[in-house]
Amino acid sequence: VGALTARDDIDKVQQAIADPNVTTVVQIAPAIRTAYGEAFGLKPEEATVQRLATILHHMGFDYVFDTSFSADLTIMEESSEFLEFMKTKKPNDMPLFTSCCPGWVRFAKSEYPELLGQLSTSKSPQQMFGAVTKTWWAKNHDLTPEQVVSVSIMPCVAKKSEAAMPSMTRTDGTPDVDYVLTTREMNRMMKSEFIEPLNFPESQLDDPLGIATGAGMIFGSTGGVMEAALRTGYYFVNHEKPDADTFKAARGEDGLKEVNTELNGVPVHALVVSGLGNTRRLIEDLKAGRRHADFVEVMACPGGCVGGGGQPIHDGCEMAGYRAPTLYKLDRQTKLRCSYENPSIKTVYKEYLTAPLSPLAEELLHTEHVASER
Ligand code: SF4
């Protein structure tokens, strides 16, 4: 998806790393930890994000953070947006659609522009990470946005186009995310430096943007965004922690899944779809009234980002079903499994954003989807 406009920014990233006048910050998307080791013959339990953190520091990045942190931030904003949406939604209105997949957003802009007002305005985790890094985090480190080079490692070619959109550029002209590398490009950089991952020990990601919950990690699989959003939505309306497995109907490789629940006494019918063929069929059914939904998660790649176009390729093999269990295992092993529990998320709201959907959160973390911008 988006391959025709893809840029390879390895040279620019290497120049930034070598430049003593800038601070390089790299974010690692949830799906990367399920796949980067495939290029080195590692088992999933060996190819951890903690080992990758050590390697990226060795390669010269100043700070290594986790996009799962900003996935938690996306959930705080998107769950709040959904609860507001439900206050005015009529039974036959079209649902709210997630918008963190740029492949889907581009598809909606070209094929269903009449639905753009139904897409969540919450920016994707990649973009929220960039916005928070170049404002709150930079200020706390006495850096200007121009002194920070923000790099993301993504499973996705379309993320390059997303980062380059004018609406993702700050008012001072600097982009939230400067360069996007795919998993394959990062692996190429590692191989060009003769890196053997097993020679590197594991280390913790940097604080505070390296702290994430299990909810933030499952973003990399189809259904993960919906499950994470419902966990936090449940807390927002009931003021009590849900059993993290309550919404597990969102899991699995099926191209279309349903989660039926109740929030604030109101029935909620959520759908999870992956693959653009399935998405087109679902939208036609929704428009024709053959299906009903309140909230829909869409991922362009079958199986979600774990099977993204920037991940390692194995001829003839669909890898999403092999990779997704790594994320659900990490979710089960993590003490904090709901986005609102993330201590760094609490800090960023307390020190800076004040609350989800606050004026500053709207300015930095939300966007408008315009058909002409692709
Ligand atoms: Fe990118 Fe595919 Fe993930 Fe969408 S589902 S964000 S196109 S990797």
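Everything in this summary refers to the structure shown in the same document. Being a predicted model, the structure only gives us computed values, none of them experimental.

**Some points on the site of the ligand**
And step 1. The environment of the ligand is made up of 13 residues, and the closest members are Cys101, Gly103, Cys156, Cys301 and Gly308.
And step 2. Its residues assigned to classes, the shell around the ligand shows 10 nonpolar, 3 polar and no charged.

**A closer look at the sheet that holds strand S6 (residues 256–263)**
And step 1. As summarised here, the arrangement of the 4 strands in space is S3-S8-S7-S6, forming an open sheet in which the pairing is mixed. Two strands close off the open sheet at either side, each with one partner strand: strand S3 (96–97) and S6.
And step 2. In the packing of helix H10 (residues 276–288) onto the sheet, the strands contacted are S6, strand S7 (266–274) and strand S8 (295–299), and the crossing angle to S7 comes to about 145°.

**Some thoughts on the packing of helix H3 (residues 67–88) against helix H9 (residues 224–238)**
And step 1. For the pair H3 and H9, the least separation of the axes is 9 Å and the interaxial angle reads 65°. Here H3 runs over H9; the crossing is right-handed. Where H3 approaches H9, its residues Ile75, Met76, Glu78, Ser79, Ser80, Phe82 and Leu83 are matched on the opposing element by Ala228, Ala229, Thr232, Gly233, Phe236 and Val237.
And step 2. Looking at the contact of H3 with H9 residue by residue, the classes come out as 8 nonpolar, 4 polar and 1 charged.

**A word on the sheet that holds strand S5 (residues 179–182)**
In a beta sheet, neighbouring strands pair by backbone hydrogen bonds and run either parallel or antiparallel.
And step 1. The 4 strands lie next to each other as S2-S1-S4-S5, forming an open sheet whose pairing is parallel. Strands with a single pairing partner mark the edges of an open sheet, and in this sheet they are strand S2 (63–66) and S5. On average, each strand axis in the sheet is inclined to that of its neighbour by 25°, with strand direction left out of account.
And step 2. In this sheet, S5 lies alongside strand S4 (residues 148–154) in parallel orientation, the contact comprising 4 bridges. By the bridge assignment, Met154 is partnered in S5 with Thr182.
And step 3. Taken strand by strand, helix H2 (residues 49–59) contacts strand S1 (23–28) and S2, and its axis lies near 155° from that of S2.

Reading the values: rules and limits
- Residues numbered from 1 in each chain as written.
- Predicted model: local features only at pLDDT ≥ 70, side-chain atom pairs only at ≥ 80, totals over all residues.
- Near = placed C-beta within 6 Å.
- Nonpolar A, V, L, I, M, F, W, Y, C, P; charged D, E, K, R; others polar.
- Pairing = 2+ DSSP bridges.
- Helix = DSSP H or I, 4+ residues; strand = E, 2+ residues; numbered from the N terminus.
- Contact = placed C-beta atoms within 7 Å.
- Axes fitted to C-alpha atoms, helices over the stretch in contact; angles between N-to-C directions.
- Left-handed = near helix turned anticlockwise from the far one by under 90°.

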